[in-house]
Amino acid sequence: MPVSNRHILEQGAALGALGRAAWSTIESQVLGKKPSKRAPTVPGRIVEATLPPRSAELIRDYVKNVGGDPNAYKNTLPAHFFPQWGFGVASQTFDGLPYPITKILNVGCNLDIRAPIPANEALHVTAQLVDIDDDGRRAVLTTRVVTSTKSAKEALVAEMIAMVPLKRDKSEPKSNGGSAKKEVSRVPDGATELAFFDVHATAGLDFAKLTGDFNPIHWIKPAARASGFPNVILHGFGTMARAIEGLNRNQFAGDTTRLKKWSCRFTKPLVLPAKAGLYTQGNDVFVGVAVGGPAYLVGSYTT
């Protein structure tokens, strides 16, 4: 069932972040404003915001969309839902950076789930840019996002890991006579299949309505093709949420409080529509088509 358009009205913070990124592009490409040449420093400034509780309808529809049981979250928020309230705050930590922020891609996430997040309390969110890894070809930005409420201080500490591709200096010599091939992450032999997902063609648009991440590569086919993808791709956080709910349902017997720490990398775009499985080997997690095949997500967890 398609996600209701009414949820877009609840995405003001995330849409504001996209608007700021778009204005930054207009300033540089249309108005000729040059980016700062000052080397960024980390840790950066702390950005904070207090946000009202998420609506019960938004929580319910989000959980259903990613394969979870809404009854398991009657009084709490899913930890993997944090981009919905954290993205708008985290994006402000990029202000003033000398990078084309509109080209940013989420490439991974770490979660430290210290306590359940009450669903009926205001959210106090802080964000800080804590690391920049810039090798001249890409910049990897790590932002720490902390979610607290009145009764649950620092309930969730998350790290959002994003990558910005940079222009390669044409004068830079290629090593080994050419560019090295990137190693493909795969679902390992011997991994156990826990679940299988059938992800429909509009999953990117639905996830955008629920979280506010309306990057056009997730729901507009020409934009996705212009970025080098054959069709729209699912958000990395959408793949992550399905993986965590698959663990909750099939590994933790429906207990959404079992997961304490989570770390993952988005290793291959999930082009829509798609079929993908959730696999585990010990405490390692993989999302891919089959054992031995390429992995869209590689992660690990502790309980």
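Read on for an overview of the structure.

Cut-offs used in this document
Here the residue numbering is sequential within each chain, running from 1 through the sequence in written order. Per-residue local features are limited, in this predicted model, to residues with pLDDT of at least 70; the limit for side-chain atom pairs, both in listing and counting, is 80 or more; totals at the level of whole chains, interfaces and linings are taken over all residues. With hydrogens and water set aside, each side-chain value is computed from the structure's full complement of heavy atoms. Where helices and strands are cited, they refer to DSSP runs of H or I of at least four residues and of E of at least two residues respectively, numbered from the N terminus. The contact criterion used is simple: two residues touch if any of their non-hydrogen atoms lie within 4.5 Å. Computed with the Shrake-Rupley method and a 1.4 Å probe, the accessible areas treat only the protein chains shown as cover for residues. Three exposure classes are used, based on accessible area relative to the maximum for each residue type with a 1.4 Å probe and protein chains only: buried under 20%, partly exposed in between, and exposed over 50%. Pairing of aromatic rings covers Phe, Tyr and Trp, the last through its six-membered ring, and needs centres within 6.5 Å; plane angles under 30 degrees mean stacked, over 60 mean edge-to-face, and all others mean tilted.

Focus: the overall build of the protein
Counting its secondary structure elements, the protein contains 6 helices and 12 strands. At a minimum sequence separation of 6, the contacts of the protein that also span at least 24 residues come to 73%. Surface accessibility of the protein: about 15,300 Å² in total, with carbon and sulfur atoms responsible for 54%.

Some words on the side chain of Thr-280
With respect to the helices and strands, the residue Thr-280 is situated in strand 10 (residues 274-281). Judged by relative accessible area, Thr-280 falls into the buried class, the value being 7%. With residues near it in sequence (within four places) discarded, Thr-280 still touches Ala-191, Thr-192, Leu-194, Leu-247, Gln-251 and Val-285.

Some words on helix 3 (residues 83-91)
Among the 9 residues that make up helix 3, 9 are buried, leaving the element largely enclosed by the rest of the structure. Every buried residue of helix 3 is accounted for by Pro-83, Gln-84, Trp-85, Gly-86, Phe-87, Gly-88, Val-89, Ala-90 and Ser-91.

Some words on the packing of aromatic side chains
Applying the stated criterion across every chain yields a total of 7 aromatic pairs. Relative to Phe-81, the ring of Tyr-62 lies with its centre 4.0 Å away and its plane at 20°, an arrangement referred to as stacked. With Tyr-62 in helix 2 (residues 56-65) and Phe-81 in the loop between strand 2 (76-77) and helix 3, this pair connects stretches of sequence that are 19 residues apart. Take Phe-81: its relative accessible area is 1%, and that puts it in the buried class. With a centroid separation of 5.8 Å and 80° between ring planes, the pair formed by Phe-81 and Trp-85 is classed as edge-to-face. The pair formed by Phe-81 and Trp-85 is uniform in burial state, with each residue classed as buried. Aromatic rings pair up to connect Tyr-62, Phe-81, Trp-85 and Phe-207 into one cluster.

Quick word on the environment of Phe-214
Within the fold, Phe-214 resides in the loop between helix 4 (203-211) and helix 5 (221-226). Here the alpha-carbon distance between Phe-214 and Ile-8, two residues 206 residues apart in the chain, equals 9.9 Å.

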